Amino acid sequence: MASGNKGIEKLISARKLLESSLEKSRALCLSLEKAGPRLDEINQRVPSLHAAVRPIWAQKEALDAVGGHINRAVVPAAAVLKVFDAIHGLEKSLSDPQSDLPGYLSVLKRLEEALKFLGENCGMAIQWLDDIVEYLEDYKVADNGYILNLKNALKYLRELQSNEEKGRLDGGLLEAALDRLENEFRRLLTENSVPLPMSSSSSLGEQACLAPSPLPFPVIQKLQAILGRLIANNRLDKCITIYVEVRSSNVRASLQALNLDYLEISVSEFNDVQSIEGYIAQWSKHLEFAVKHLFEAEYVLCNDVFERMGLDVWRGCFAKIAAQAGILAFLQFGKTVTESKKDPVKLVKLLDIFSSLNKLRLDFNRLFGDTACTEIQNLTRELIRRVIEGAAEIFWELLNQVVLQRQSPPPPDGNIPGLVSFITGYCNRLLGDDYKPILTQVLAIERSWKHEKFQERLLFDEILSLIKATELNLETWSKGYEDALLSYVFLMNNHWHLYKHLKGTKLGSLLGDSWLKEHEQYKEYYSAIYLRESWGKLPALLSREGLILFSGGRATARDLVKKRLKGFNEAFDDMYKKQSNWVVVEKDLQERTCQLIMQAVVPVYRSYMQNYGPLIEQDASASKYAKYTAQSLEKMLNSLFQPKPVKYGSFRVRQPSQKFSNGGAADQYRTSPTPNVT
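What counts and what doesn't
- Residues numbered from 1 in each chain as written.
- Predicted model: local features only at pLDDT ≥ 70, side-chain atom pairs only at ≥ 80, totals over all residues.
- Heavy atoms only, no water.
- Helix = DSSP H or I, 4+ residues; strand = E, 2+ residues; numbered from the N terminus.
- Buried < 20%, exposed > 50% of the residue type's maximum accessible area, 1.4 Å probe, protein only.
- Areas by Shrake-Rupley, 256 points an atom, 1.4 Å probe, with all protein chains shown as cover.
- Expected span 1.5 Å × (residues − 1).
- Contact = heavy atoms within 4.5 Å.
- Bend = angle between axes of the 7 residues up to and from the residue.
- Axes fitted to C-alpha atoms, helices over the stretch in contact; angles between N-to-C directions.
- Parallel < 35°, antiparallel > 145°, perpendicular 65-115°, else oblique.
- Left-handed = near helix turned anticlockwise from the far one by under 90°.
- Core = buried A, V, L, I, M, F, W, Y, C linked by side-chain atoms within 4.5 Å.
- pLDDT = per-residue confidence, 0-100.
- Phe/Tyr/Trp six-rings, centres within 6.5 Å; stacked < 30°, edge-to-face > 60°.
- Salt bridge = Lys/Arg side-chain N within 4 Å of Asp/Glu carboxyl O.

**Side note on the overall build of the protein**
Counting its regular elements, the protein contains 25 helices and zero strands. In the protein, which comprises 678 residues, the proportion classed as buried is 44%. Of the roughly 35,700 Å² that the protein leaves accessible, carbon and sulfur atoms contribute 53%.

Below, the structure written as structure tokens:
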């Protein structure tokens, strides 16, 4: 019994022990569950703890030296950071250069100096930091991960410090400040660039007119100050671009008032002689205005603004302005003239162009003589070459063209051929004070290019040859009339024209008084022959033979009067009808010729009618025979030879030679009013 109780007690004790063990197991399990996260946290902290105690593992000598290395690296780095903070402190002072340009430029210069310091010292600071990292790595003073992070940071710093990324040191502050300064440069130029008024062109004359600098001196000083800072930051090219854009636009605006549309005319539109006259006159005036007022002003201003940059800079800037503002269009217009048809009138126009360019030669050499103006120089030389060669070609070819015109028929009305009036006025013009020096210079230059000598006598000889060829043309044409009377009128017309319009002129002096007197005598000669062979024959038709004392009776006398009046009327009507379309150009010659005709015819007719008119007054057919009164004859005869209004123009080449390959087709000579010859 007692042994049985002991067994139960043991079982109870075992159960309690098991229950206690289970409770402890449960508690231990719960504790283990709570310890897991803590172990993870400790595991995460182990590397940092490892790194923190790493120096304890390093050698004592390494630990003692690391402080000095760190100090040497931190001091320049701290200085760099201090300057960097100062840079950002300047940002508020770089907002608007217009309000205080000197202050803005001063702050900008400080910013540049600060950035220069950064640029010079960043590298040193990075190198010191790089040394300490290398030291930490070599002596295992720091953890590898920590050293890796330092290396990555230093790599990024090196990239920022490189030239390509230098702007990032200030966060783009310098670039933004320079952009605002460029805008201020443009604003100052734009607001102070005012187109010159066209009224200035009215003052152009023989004396050079140099325009003053078109910008106020204080503005120029500001532009120069801005340029100084922009050039220091490699922005000269941008400054020049802005300057050229603004100033060339200003010159173009000045030229717009001149109405230069004609500069764009094509060669095909340029072949009207009358348009050439007006356009070249405008071109000469406008080119002189542009060179002496506009481009002269730009030349001076470029020197004022860019003089500190050197000769090449400001002259190069001026060259761009001149090219963009329109000087090339003026030169191209001249080239277009040289490419137009080679009408003889074109010679005078080419001489006008040469005269204009020659007058501006010194200005061109001074303004456009630099190597920067090579394009302008080349175009100018090419234009001068074309003008000289074209003028010489037309002049020397003109004689051949006069000879070719000999094949043309004479004017059907006995008038002065267009060739005669043109050549006389043309040659006289070439010998005048306005053109003779220019033509002589042009021909001398053209001959010098061929290594030939030119003497003024060659010019005179060629003009004399032109007049001689014209005289031969007149002789040939006079033989082309079927009616000899019209031939006499033709010769009378032309000889008087040559005498009247060349007497007292340069050409007349060259030809000589005997030559002039000869043509005056020829006029008298042909006038007398004409009168004798035409109207001078009419009085003989009113013969008084058989009418004296009415020897044959009154009826016979009446019949004779009728017969003779009828013959007179028929001859008069036929002659008047034929000659009413003939022309005598010169008014004095026309009046004199009509007067001579009336003196030959009217007095005889008046006397005849007074004496024998009563014989037929009572006749039923009296009006048939007494057809005219003396007054009606005078009126009719006074109306003869009236000039027909014809538009004046030069002759065109009749059969173009190879040299005149772009000349017009053959034209008959057009009669024309006599041109004014001075």
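Having seen it, we continue.
**Quick notes on helix 17 (residues 456-478)**
Its 23 residues place the ends of helix 17 34 Å apart at the C-alpha level, agreeing with the 33 Å of an ideal helix rising 1.5 Å per residue. The complete set of buried residues in helix 17 reads Leu459, Phe460, Glu462, Ile463, Leu466, Ile467, Ala469, Thr470, Asn473, Leu474, Trp477 and Ser478. Contacts from the buried residues of helix 17 go to helix 14 (374-404), helix 15 (418-430), helix 16 (436-449), helix 18 (484-502), helix 19 (506-511) and helix 20 (513-533).

**Describing helix 14**
One turn of the α-helix equals 3.6 residues, which is why residues spaced by three or four share an orientation. End to end, helix 14 covers 44 Å across 31 residues, agreeing with the expected 45 Å (1.5 Å per residue, within 8%). Leu398 marks where helix 14 bends most, by close to 40 degrees.

**Observations concerning unusual backbone geometry**
At Asn234, a residue that is not glycine, the phi angle is positive and equals roughly 60 degrees. Within the element layout of this structure, Asn234 appears in the loop between helix 7 (217-232) and helix 8 (236-256). Taking relative accessible area as the criterion, Asn234 reaches 74% and is therefore assigned exposed. Backbone geometry at Phe641 places phi at a positive 65 degrees, although glycine is not the residue there.

**Notes on the environment of Leu287**
Mapped onto the elements of the fold, Leu287 is located in helix 9 (residues 273-306). Sequence-distant contacts of Leu287, that is, excluding residues within four places in its chain, are made with Ile327, Phe330, Leu357, Leu360 and Phe364.

**Side note on the packing of helix 6 (residues 173-192) against helix 7**
The interhelical angle for the contact between helix 6 and helix 7, taken along N-to-C directions, is 155 degrees, at an axis separation of 10 Å. Taken together, helix 6 and helix 7 sit at an angle that is classed as roughly antiparallel. With respect to the hand of their crossing, helix 6 and helix 7 are arranged in left-handed fashion. Seen from helix 6, the contacting residues are Leu178, Leu181, Glu182, Glu184, Phe185, Leu188, Leu189 and Asn192; seen from helix 7, they are Val219, Lys222, Leu223, Ile226, Leu227, Arg229 and Leu230.

**Observations concerning the nonpolar core**
Residues Tyr243, Phe295, Phe368 and Trp535 are the most contacted members of the largest nonpolar core, which totals 156 residues. Considering each element in turn, this core owes the most residues, 14 residues, to helix 9. Residues contacting Phe368, with those up to four places away along its chain left out, are Phe295, Phe318, Ala322, Ile327, Asp363, Cys373, Ile376 and Gln377.

**As for the side chain of Thr440**
Structurally, Thr440 is set in helix 16. Taking the relative accessible area as the measure of exposure, Thr440 reaches 17% and is therefore buried. Excluding residues that lie within four positions of it along the chain, Thr440 makes contacts with Phe454, Glu456 and Leu459.

**Quick notes on the side chain of Asp370**
Its place among the elements puts Asp370 in the loop between helix 13 (361-368) and helix 14. What makes Asp370 buried here is its relative accessible area of 15%. Excluding residues that lie within four positions of it along the chain, Asp370 makes contacts with Arg315 and Gln377.

**Some thoughts on the confidence of the model for the protein**
Scored by pLDDT, the protein comes out at a mean of 79, with 69% of its residues at no less than 70. For residues 200-210, every residue scores under 50 in pLDDT, and the model assigns this stretch 18 contacts once sequence neighbours within four places are set aside. Ignoring residues within four places in sequence, the model shows residues 653-678, a span with pLDDT below 50, making 75 contacts including any to other chains.

**Examining the packing of aromatic side chains**
For the structure on display, the rule yields 23 aromatic pairs. A ring pair is formed by Phe295 and Phe368, whose centres lie 6.2 Å apart and whose planes are at 75 degrees; its orientation type is edge-to-face. Placement of Phe295 in helix 9 and of Phe368 in helix 13 is noted, with a sequence separation of 73 residues between them. Judged on exposure class, the residue Phe295 and its partner Phe368 are both buried.

**A short note on the pattern of salt bridges**
Pairing of side chains with opposite charge becomes possible as their charged atoms draw close. All told, the structure shown has 34 salt bridges when counted by the stated rule. With a closest N to O distance of 3.2 Å, Lys517 and Glu520 form a salt bridge. Here Lys517 and its partner Glu520 are both found in helix 20, three residues apart, which amounts to about one turn of the helix. Note that Lys523 and Glu524 form a salt bridge whose closest N and O atoms lie 2.6 Å from each other.

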